[in-house]
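Reading the structure
Given next are the chains, with one letter for each unit.
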Amino acid sequence: LARTGASRTSGGDHWGDFADEGGSAFGRADGLVLRRSRLVDGPSAAAPALTVDYWLTEPGRTDVVLATFTTALVELAPLMTELFDGVIAAAEWRHPTTGARLPSRESRTQERRRA
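Residues numbered from 1 in each chain as written. Predicted model: local features only at pLDDT ≥ 70, side-chain atom pairs only at ≥ 80, totals over all residues. Heavy atoms only, no water.

What follows deals with the packing of aromatic side chains. If you walk through the whole model with that rule in mind, you get two aromatic pairs. Residues Y54 and F69 carry aromatic rings whose centres are separated by 5.7 Å and whose planes lie at 90° to one another, so their mutual orientation is edge-to-face. Of this pair, Y54 sits in strand 3 (residues 49-57) while F69 sits in strand 4 (residues 64-71); the two residues are 15 residues apart in sequence, bridging distant segments of the chain. Each ring, one from F69 and one from F84, has its centre 4.7 Å from the other, and the planes form 15°; the classification is stacked. Taken as a pair, F69 in strand 4 and F84 in helix 3 (residues 77-90) lie far apart in primary sequence, 15 residues in all. Site record: aromatic cluster; members linked through ring pairs are Y54, F69 and F84. (Phe/Tyr/Trp six-rings, centres within 6.5 Å; stacked < 30°, edge-to-face > 60°. Helix = DSSP H or I, 4+ residues; strand = E, 2+ residues; numbered from the N terminus.)

Below you can see the structure in the form of structure tokens.
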């Protein structure tokens with residue numbers, strides 16, 4: 001999420017800078033999601049494309065996973081972003097060896113309250 005520019009180095013509004021570059025943040029039951037959308041066009045691009053990056057926090061860890069979606073359907077950017085959001089919303093965390101679904105932060109909080 002590095003951004004070059006004066007505000008980044010002078011203690012500026014990092015979330016504002018992120019939003020200015022097409023970024024937004026929203027929560028899931030199991031953590032935080034950052035999303036950045038950008039249109040890639042110009043001489044270096046073979047064809048115009050929409051790229052949407054998602055950074056998801058792993059439940060119970062400080063690690064982050066990056067998921068990137070790219071489409072040539074730039075004229076449908078809002079609909080494609082909605083589709084990509086749906087994929088991210090439906091994604092589940094699984095234990096790497098057992099395949100069991102990992103509990104969300106919300107379910108862990110509810111379990112603590114019951115105990």
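Using the criterion set out here, one finds five salt bridges in the structure. Here R38 and D53 are joined by a salt bridge, their closest N and O atoms 2.4 Å apart. Residue R38 is located in strand 2 (residues 31-40), and its partner D53 is located in strand 3; the two are separated by 15 residues in the primary sequence. Relative accessible area serves as the criterion here: at 32%, R38 is assigned to the partly exposed category. Overall, D53 belongs to the buried group, its relative accessible area being 4%. A salt bridge links R101 to E92; its shortest N-O distance comes to 3.2 Å. The class of R101 is exposed, set by a relative accessible area of 55%. (Salt bridge = Lys/Arg side-chain N within 4 Å of Asp/Glu carboxyl O. Buried < 20%, exposed > 50% of the residue type's maximum accessible area, 1.4 Å probe, protein only.)

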